[in-house]
Amino acid sequence: MTLRNNQPLVTGVSPKEGPPGTRITIRGENLGNDPRDLIGLKICGMDCLLSAEWKSSSKIVARTGPGKGKGDIIAITRSGGKGSCTVGFRGYFLQIGPLQDSAVWIDESQTVRPNLDHGRPTASAAAKEEDDPLGILDEGDRAKLTEDELLEMFHDASGSISLENFSPGWYLLEHHQNASFEDLKAGLSFMKRKASQRSEGPITIVRSNLMSILDCLDSLTEMYKKYNEDDIRGNCMNSYAVLLMQAKSCADGLFQEVLGRKDKADSTRNALSVIQKFRFLFHLPLNIQRNIQKGDYNMVINDYEKAKSLFADTEIKIFKKVYREVEKRISSFRDMLYKRLKDPHNTLEEQKKLIRYLISLEYKGDPAWECLDNQQKWLIELLDDCKDDHIEEEKNCVQENLASNQSNNQWKPLSRANKSPTKSGLSRESSFSSLSSSDHQGSWRFKTPQKVLFIEDITDIMMQHFPDFWKLGQSYFTRESEKGVKIDTSKHGKMKLMMTEIITLFANFVRAAFLPESLENMSEHEREKLGVWPSSGKSEHISGAWLPTCVRNIRNCANTLSALDSNSDSVMIVLNELAFDMRTNCMFTLLKQAIMDVKNVYTKETWVVETDDESGGTTQLPALFENIVNETVQHLHEVVVMNKAPEPEIFSQRPIQKEATQLCSQLLQAFAVCMEQLVFTPPLQKTENKHVKITIGQDMELEQHDDPIPSLDKRLIIMLSNCNHTIEVVIPRIIENLTKHGYVEMEKALKAAQETYSALDNRLFLSYIEQKADPILGIMEVNMYKGGFNWKTWKNPTGVRKYLKDIVMSLIEVHAEVYGIFPKFVMRVMKKITESVCEELSRLIQCVPDFNAGGAIQARLELEALRSMTRIYNTPKVQSCFKEAFDCIPELSEEGKTVVDQLLDKFRATMKIQLMCFQPELSPSTVKRAARLGSMV
């Protein structure tokens, strides 16, 4: 029962048919537990156990025997016995031609004998000839062409494959007229497979029919033994050998022509096989040329290395000849690569590829180092050419400017004649001509200078080419991936010197253009090599205006190159020093230029006073001064003070810090010089008179017809207001801005500025008091005694006299002038002038030798009127003056005091509006009305 359950069962076979020796795969169930369990395998009744390979209990691989027809596949195992199958295999024999190899005996009775007897092929031979070499079927409805039609199309040709005049076209039209192009392509593939099988020759026959050949050998051995046993005379075998040799000779005679052609075909086939086998070498010269033209250098190098490893040591002449041609082509290719490597315009990747190619081609020398040396020389040449070109352009620009100046100087007498101050029209025209000339200068100024273009070009050269040079140098010492490359560590120092030479030359070229004083230690010969830039009167101004751009380019270049390798500080220290020196030079130059701009800002004064409640009345000068300083500080912050990661702090060095503080202090104090110059030596402006309108708050406007340049007293009060606004508002804001941007020791600058502006304020104030008080004091005594007035003989006091009213109106005029420009200054100015007036009046009273009753009443009346009017400007000095004056006047009677009080009330009533100017709470309308009354008086 158990045996029946384990009985082998074959359920599948692949392929299902084939000639003897076909390798088939058998699948089923219970085909054995292991190889030893399989004891039998019959295919079509033939035992095939020797060729069987047990794979698993469900799979066996075997080769078929000489069984013919369809039969079963039976497996026999120890564990299951004889099995059964549900599929079968069909065996058939292939018809073998007379020149084909065969591992089994071929019955030639139907082919050879009739052919030899009658001289024509038999049906089976004809059938063989008619076998389709393409392996395709011709199935179609189109009628086949007749032999006559084919003869008309193909003269002297035949469709038989065995004939010499065989025509493939005839054959295809005769047998495959209805075949499609795809069918013909499939037939071609079938022919190639058959040809490859035949080309393998006897090895394939032996491999496919090993068991049959072994059986034949065993049979021959047994036959030989039997013949030896039965050979009584002992020479039977020799006679057999003679018969075999005769048979061989007869066969050679019969097939000599066929065998000769076969040998010739074999030799040709062998030659073609050699060419095909070594086609790589024979095609290599042409492939090298083609790949070079296509730019596929890697393929050229790979093919060359392969050919070198295979044929470099060959002794075969033909191979040697072809290999010499390959070497010749590679030598030309190597020279071409080296020429390309010497071209400095190659990119970094192209240079690396060319170096790698030359190393792979075993270039004699060090292509990488030669490329580095060539790149360094080319970079130095680029820098030198850039310097020479821009110096030449600068010389041409200087010559053109000199020529244009000489041509302009020829018109100076005519322009001087046109500037006649007597004609307003001509004076206006002259101002326009001056503007046009300034525009011309401005256009010259804002034309990009050659030094700036030089900086842009030379930094572009460094940033574009030096990083590639540096990376190429680094890759020279890190070529770990390249085989057979030795890194020469002794060239580290040389590489460092080459980089230092380029950077030093770049830095010196820049210093020669912008910092020539830093090259004073160089010899004259070395200094001339760096280039001598021509100087012109405007070159310094242009350099100062464009210095921030130049510094920005230098800093970008230094930061870019320093970022290549942060460890090589010794190489990049030259660049860092250059950037630092350019920054400090830019800072000092811009600060000095700002000082000059502030000193010259007086030329932009228009004397238009703008007032507000906080600042009072000021002109545009303080705002211009602040704008100049803030713009300078902003420029300096962007290109100088604002540090990047590798850059040192610009104020880290004490000398630079000290000089920067000194220049900032000078910049803050320069505006004081400008204001003082505007007061005492204002520039002449040849323009027409115009109306000057001063707005006080929202309700009052003072309008007057005045010159563009106000009088000295007005200039003084305007500049006093500007000075006060500068010291209280502008200077603190500037100091705060400077401190915010990192400038140090600004306390010292602030203190010095406060001292300077305080001194200026004091000088301007004293000058203004002098300008306003002197006219009042100068006429007081004259007006007091006008008309023969005498204190001793005065009998009829009728009120305050005119000279005191004139003093009041003069004080009101000063009050209105100061209040219209800077109300906060009213108290300071009026107290000082009041002290002067009271002091002078006290002196005049004290000089009176004697008073009568009327004179005493008049003197006391005028003193009381002045004291009551100027009470808000009372000072200890004023009180002292009044006390001294009253002490000199005799005491009045009750009647005299009553008269004084009555006249004083009358004075107050008469001068009510005027006296409002001296009230603590002052409105703009009051000042406006008082000023109008003063102008009417």
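Residues numbered from 1 in each chain as written. Predicted model: local features only at pLDDT ≥ 70, side-chain atom pairs only at ≥ 80, totals over all residues. Heavy atoms only, no water.

The name given to the chain in an unreviewed UniProt entry is Exocyst complex component 2, with the source organism recorded as Biomphalaria pfeifferi. According to the UniProt record, the Function (unreviewed entry) comment for the chain reads "Component of the exocyst complex involved in the docking of exocytic vesicles with fusion sites on the plasma membrane." Turning to the chain, the UniProt record has this under Sequence similarities (unreviewed entry): "Belongs to the SEC5 family." (UniProt positions renumbered as here; feature names shortened; annotations may be inferred.)

A. Representation of the nonpolar core in the model. With 185 residues, the main nonpolar core has F466, F506, M582, M587, F625, Y757 and F918 as its most contacted residues. The element that contributes the greatest number of residues to this core is helix α21 (residues 569–599), accounting for 14 residues. Counting residues in hydrophobic clusters, the runner-up holds 18 residues, among them V10, C44, C48 and I73. (Core = buried A, V, L, I, M, F, W, Y, C linked by side-chain atoms within 4.5 Å. Buried < 20%, exposed > 50% of the residue type's maximum accessible area, 1.4 Å probe, protein only. Helix = DSSP H or I, 4+ residues; strand = E, 2+ residues; numbered from the N terminus.)

B. Just the confidence of the model for the chain, in detail. With 80% of its residues at a pLDDT of 70 or more, the chain shows a mean pLDDT of 78. Taken as a whole, residues 115–130 scores under 50 in pLDDT and shows 14 contacts with residues more than four places along the chain or in a different chain. Every residue in residues 411–445 scores below 50 in pLDDT, and together they form 18 contacts with partners more than four places removed in sequence or on other chains. (pLDDT = per-residue confidence, 0-100. Contact = heavy atoms within 4.5 Å.)

C. View of the packing of aromatic side chains. Enumeration according to the criterion identifies 18 aromatic pairs in this entry. Members of the aromatic cluster, connected to one another through ring pairs, are F278, F282, F311 and F319. Sitting above the plane of the F280 ring, K306 keeps its charged end 4.6 Å from the centroid. In this structure, R828 is placed above the aromatic ring of F765, and the distance from its NZ or CZ to the ring centre is 4.0 Å. (Phe/Tyr/Trp six-rings, centres within 6.5 Å; stacked < 30°, edge-to-face > 60°. Lys NZ or Arg CZ within 6 Å of the ring centre and 35° of its normal.)

D. Just helix α13 (residues 348–360), in detail. Here α13 contains 13 residues, and its C-alpha end-to-end distance of 18 Å stays within 8% of the 18 Å for a straight helix at 1.5 Å per residue. Among the residues of α13, L348, Q351, L354, I355, Y357 and L358 are the ones counted as buried. A positive phi of about 60° marks E362, the residue just after α13. (Expected span 1.5 Å × (residues − 1).)

E. Spotlight on a nonpolar patch on the surface. Together, L50, V206, L210, M211, L214, L217, L220, M223, Y227, Y240 and L243 make up an exposed nonpolar region whose accessible area comes to about 1,000 Å². Of all elements in the fold, only α8 (210–230) and α9 (236–277) reach the threshold of two or more residues within the nonpolar patch. Counting residues per element, the nonpolar patch draws most heavily on α8, which supplies seven residues. Within the secondary structure layout, M223 lies in helix α8. You can call M223 partly exposed: its relative accessible area is 43%. (Patch = residues over 30% accessible without salt bridge, like charges linked within 9 Å, V, L, I, M, F, W, Y side chains within 5 Å. Areas by Shrake-Rupley, 256 points an atom, 1.4 Å probe, with all protein chains shown as cover. Salt bridge = Lys/Arg side-chain N within 4 Å of Asp/Glu carboxyl O.)

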